[in-house]
Amino acid sequence: MAPKLNPTFPSLLLLLLLISFHLCTVIAWKKEEFRTCHQTPFCKQARSRKPHSSSLFATGVAILDGALTAKLRHPLPESPDQDQIKPLLFTLSVYQNGVVRVKIDEDPSLDPPKKRFEVPDVILPEFEATKLWLPSFQTEMMDGDSEPSSIVYVADGYEAVLRHSPFEVYVREKQSKRRVLSLNSHGLFDFEQLRVKQEGDDWEERFKSHTDTRPYGPQSISFDVSFFDADFVYGIPEHASNFALKPTKGPGVDDSEPYRLFNLDVFEYLHDSPFGIYGSIPFMIGHGKTRGTSGFFWLNAAEMQIDVLGSGWDAESGILLPESGSRIDTLWMSEAGVVDTFFFFGPGPKDVVRQYISVTGTPAMPQLFSTAYHQCRWNYRDEEDVENVDSKFDEYDIPYDVLWLDIDHTDGKRYFTWDRVLFPNPEQMQNKLAAKGRHMVTIVDPHIKRDESFHLHKEATNKGYYVKDASGKDFDGWCWPGSSSYPDMLNPEIRSWWSEKFSLKNYVGSTPSLYIWNDMNEPSVFNGPEVTMPRDALHYGGVEHRELHNAYGYYFHMATSDGLVKRGDGKDRPFVLSRAFFPGSQRYGAVWTGDNMADWDHLRVSVPMILSLGLTGMTFSGADVGGFFGNPDTELLVRWYQLEPWLFGLFMQLEELNKVDAKSVERNTELIKNAIRTRYTLLPYFYTLFREANTSGVPVVRPLWMEFPSDEATFSNDEAFMVGNSLLVQGIYTERAKYASVYLPGGQPWYDLRTGITYKGGMTHKLDVSEETIPAFQRAGTIIPRKDRYRRSSTQMMNDPYTLVIALNSSHAAEGELYIDDGKSFEFTKGAFIHRRFVFSDGKLTSSSLASNAPGKTLFSSPCFVERIIILGHSSGPKNALIEPSNRKAEIELGPLWLRQGKSNSVLTIRRPNVPVSEDWTIKML
C-alpha cells in the first residue's frame, strides 16, 4: 500500500524521495516456484554429456552464395535397426568489421515436421549488406587429422577454419595460427531434430501443477565455446552476480546452477546468483592481457542455460587443444531454435562492442530530459497528490524532470484509461508539469483485462490478436487486472495495431509530454508455470512460446516505442522504459534492473548488473534507488543516491521513513539534494556520452578495463567503474564506512572531482570517507563540460552557459568533447547538432568542430557560451588569457571548483571568457 505522507518538511521531502513507486506483491521470492537445471530435461541432458561425445563430421564443403557451406553428418548406425540421423546444414558467412556468422539448421529438403524458429527483426537489415562474398576456400592438413580442414579469409590478419572430422569451427590469427574463438573444440555439440510423434512417445514435461505438451518433442541444442587468451568472461545478462562471471562447473566449484537466460517476473531476487531474471542477452565477451578481447553471440529466443567451465573440467577427456596462455571454456544450452551465432574477434574491447552493435543496432539517442532525475512511487493517489509533490520539489530547490504514475491511475486496471474520479483532468495535470519543462510517464503492460465492456479487449478479441493456448483458444492468464489476455507481438500487423493506441486521439487524456513504461512484459502470468506463459502457447505462424519467450518483451517494447514515434509524426524521440529485454532492445529505449531489495548487497550488485547491460548494448539502464522491497535506513539511502547519478538510477523509493530526529532528516535531505544536483551539473557530459553510445555502441558506464585493457588489476574490479573515458567512480557499499580502497589505473594522475586534489595513477589509495560524497575522480588529460546553474528541470537549462573543467596530464595537455542538439527531435540524424572538440596544449585551449557539415552551413545553432574554464594541475601565475579571433582578454584568478555546494577548494579559473560553444576559437594563457 502507498504510505501516508507526513505534512511536515523536510521530513515530507525526504519521504517523497524515498517512497516506493511500484505495486508490491505480498509474496516473497520462492525458489521452489522456478525450475533448476536438474528439473529441466534439456539442461540436465546437456550437462551430463562427456567431452568428445559428438561424432559429427563435415562433408560436401563448397562455396554457395558467397558463403562456406557443408553438411554435418553422423556416422552410419551400428545396427540396421537404428535410424540414420539426418544431416544438418552448415553455413559460414563473413562480414565487414570482423564478424563471422555460423548457422546450423535442419535440412528443409528432408521434410522436417515444421520450420524451426529463427528470431526476426533483431538483425539490422543493413548488416546483410556488409557481407563479404567469399570467392573460394583453401585447405590445410592439421596435425593428427585424417583429412584437411577448410579455411577462408575473414579480415586482415584473421581467418576462419572449418575442421571436417571431428567437426569444429574456429577463428584464428593468420600469421601466428593462435586461436581466438572456437565452437565444438570439446565435442559437446548436440542438436535434437524435430520428429513426428509416434504411438507410445511420451514427450510431456511436468513442473508442479503444469504440463507442457511438447507436440514436436525434444528439440534442444548445445555446444561448447572456447575463448582463447582470456582471463575472464563477462556479459550474458541479466543476473544479479559478479561482473566477471564465476565458474559454474568444474573442480573446486560447489554445486552450482548454470547462468540461466529465461525472462521471468522475479521479485526480491537473490544477489550473487546465476538465476535468470527479467531480460536475456546471449552475448559473452572474453578479455585477457595477452591478446585482448573477443565476443560470442547466439541469436536464440528460447530458454538458454550457460555454464562457465572451471579450469580442469576436462582433465580426463584426453582432448589436447593448441597451447594458449589462458583459455576459458563455456557450455551453451538451449531448449529450441537454431544455431545462429556470431564470432567477434576485436581485438580491443570497444572493437568487440562495435562489432556486436553492427549486428543488433546502436542504442537509441535519448531525449535530454530522460537522462535527468525521475521521481516515482506506487502510487500517486490523485491529481492533488501529484501537484503537491511537484510543488515541494520547487519549494526545496531540487530539480527533477519526470513524474511517474503506476497502474492505479487507470480505470479498473484498464490500460490507456484514467480513473476519472482521482484524475479528472489528466491533460491539465500534464500541461502544468510541461510548463516547468517536466514530463509524465504512465504504465502500459501487455496483459489486457478480459472485460467485454473494455474496447481494447473487444477489438483484440474480434481481430484474433491474442496469443493462443495449446488448444487454439485465446490464452487466458492472471495478472494485475485479474483474467487477462496478451497481444501476439510476434505478428507485425498486431505490433502496428498496438502502436496506433498511443496516438493522442486513441489514448484519451494523453499529451505530447506523456511517455511510457512497459512493465511485466516477460510476460508475467501469475498463474502460469514459473509465473509466465506456458511454453506450448501458440503465436503467429504456429510458433510455440518456448521458441520466442525471451523476445516477447522485446517486441512489446518495439511496438510501444514505434507508437510514440507515430504519435509525434516521426519528429519526437520516444522514451519507453522496459523491464524485459533482448538483443536489439537498445534501439527502443531504456531498461531497469527490476524489483531489487533495500539492502547493501543489492546496492553493491547494481554496479556489475549495469556494467553487464552496458557491455551488451543496453547503455541506458538503472536500478531502483533505495531498493524496491523493504525500507532502507537513511545511510543506505544516501549512499544509493550518491551512486546513482553516475548509473542513471531511475526510481527513488521507500515504503515508509524510519523514525529519525529532525536534524538528521534535514541533513540527509541536503545530501540527497546535492547528489541530484551533481547529476544535473554533469548532464552535458552525460549527454555527450549518450551520443557516443548512439554512434558506436560504447557504453556510457563502462568497466575500468575498457579504458585500461592491459591493466590486470582492473579485470575483476566491479566496485569502481568509468563514466565515459574521463571519470572514475567508486561506490561505498558498507554501512558506517570510514575509508575506501580505490584503485586508480594508468600512469597518469587523477584529480578528486570535489577537491581537485591529485592522486597518483597505477596504485591503490586508502581514502577517508565522509558522509557528503563517494570517491569520484577526473582522469588527467581530459576535459569535461558542465552546467553549474541550478534550474527546476533539464529543459530549463537548455540555454545556460557552460563550464569546462580541464584536468592536465604530465605533459600539461588535455582533450574532451561536447555534443549538443535540440534534446528531443530526430533532426540530429540530418546533421542538426553541434559537436565540439576541445584541446589544451602548450598553454592554449582550442575549440574545433567535429561535425561534418559543409563549411558555412549550420543546421543547428545554440546561444550558449562558456562562462568559466577551470584548469586543474596548472601552477598559478598567469593573470590573463587572450581570446582569438575576437582579440579579447579574460582574467585568470583562483575560484571555487564547485559553486553552491558548501566548502570548495580554490582552483585556477579563466573567468567569463564568454566564447560561443558553436564557434571555433582559441584561448591562450599569457
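Scroll up for the structure.
Draft legend 1. Inspection of the pattern of salt bridges at higher detail. One pass over the full model with this rule turns up 77 salt bridges. Each of the salt bridges in this network shares a partner with another, and the network as a whole consists of Arg35, Glu205, Asp212, Arg214, Arg260, Glu303, Glu335, Glu530, Arg535, Glu544 and Arg546.

Draft legend 2. Fine view of the environment of Asn550. Checked against the element boundaries, Asn550 lands in the loop between α9 (545-548) and α10 (552-567). Placed 44 residues apart in sequence, Asn550 and Asn506 show a C-alpha to C-alpha distance of 29 Å. Leaving out residues up to four positions away in the same chain, Asn550 has contacts with Leu261, Phe262, Asn263, Ser280, Ala301, Ala302, Glu303, Phe581 and Phe582. Of note is the side chain of Asn550, whose polar atom sits 2.9 Å from the backbone nitrogen of Asn263. Among the polar contacts listed, one links the side chain of Asn550 to the backbone oxygen of Ala302, at a separation of 3.2 Å.

Draft legend 3. View of unusual backbone geometry. The residue after Glu522, namely Pro523, is reached through a cis peptide bond having omega 10 degrees. When you line up the elements, Pro523 lands in the loop between β28 (514-518) and α9. In this structure, Pro885 follows Glu884 across a cis peptide bond, with omega equal to 15 degrees. Mapped onto the elements of the fold, Pro885 is located in the loop between β48 (880-884) and β49 (888-896). Within the chain, Asp569 stands out as a residue other than glycine whose phi angle is a positive 55 degrees. Relative to the assigned elements, Asp569 resides in the loop between α10 and β29 (576-578). Judged by its relative accessible area of 66%, Asp569 falls in the exposed class.

Draft legend 4. Molecular detail of the nonpolar core. The biggest cluster of nonpolar side chains holds 200 residues, and the ones touching the most others in it are Trp498, Trp646, Phe721, Val723 and Leu845. Residue contributions to this core peak at eight residues, all from helix α12 (residues 634-647). Within the second largest apolar cluster, 49 residues are counted, among which are Phe167, Val169, Val233 and Val308.

Draft legend 5. Summary view of the packing of helix α11 (residues 600-615) against α12. Running from N to C, α11 and α12 cross one another at 10 degrees; their axes reach a closest spacing of 10 Å. With respect to α12, the element α11 is oriented roughly parallel. Counted together, Trp600, His602, Leu603, Ser606, Val607 and Ile610 of α11 and Glu635, Leu636, Arg639, Trp640, Leu643, Glu644 and Leu647 of α12 form the full contact between these two elements. Taken together, the residues of the contact of α11 with α12 sort by class into eight nonpolar, two polar and three charged.

Draft legend 6. Geometry of the sheet that holds strand β30 (residues 590-592). Taken in spatial order, the seven strands make up an open sheet running β22-β23-β24-β28-β29-β30-β31, and their pairing is parallel. In this open sheet, the two edge strands, each paired with only one partner strand, are β22 (374-375) and β31 (621-622). Packing against the sheet, α10 makes contact with β28, β29 and β30, and its axis sits at approximately 175 degrees to β28.

Basis of the calculations
Residues numbered from 1 in each chain as written. Predicted model: local features only at pLDDT ≥ 70, side-chain atom pairs only at ≥ 80, totals over all residues. Heavy atoms only, no water. Salt bridge = Lys/Arg side-chain N within 4 Å of Asp/Glu carboxyl O. Helix = DSSP H or I, 4+ residues; strand = E, 2+ residues; numbered from the N terminus. Contact = heavy atoms within 4.5 Å. Polar contact = N/O pair within 3.5 Å; in protein donor to acceptor, adjacent residues only side chain to side chain. Buried < 20%, exposed > 50% of the residue type's maximum accessible area, 1.4 Å probe, protein only. Core = buried A, V, L, I, M, F, W, Y, C linked by side-chain atoms within 4.5 Å. Axes fitted to C-alpha atoms, helices over the stretch in contact; angles between N-to-C directions. Parallel < 35°, antiparallel > 145°, perpendicular 65-115°, else oblique. Nonpolar A, V, L, I, M, F, W, Y, C, P; charged D, E, K, R; others polar. Pairing = 2+ DSSP bridges.

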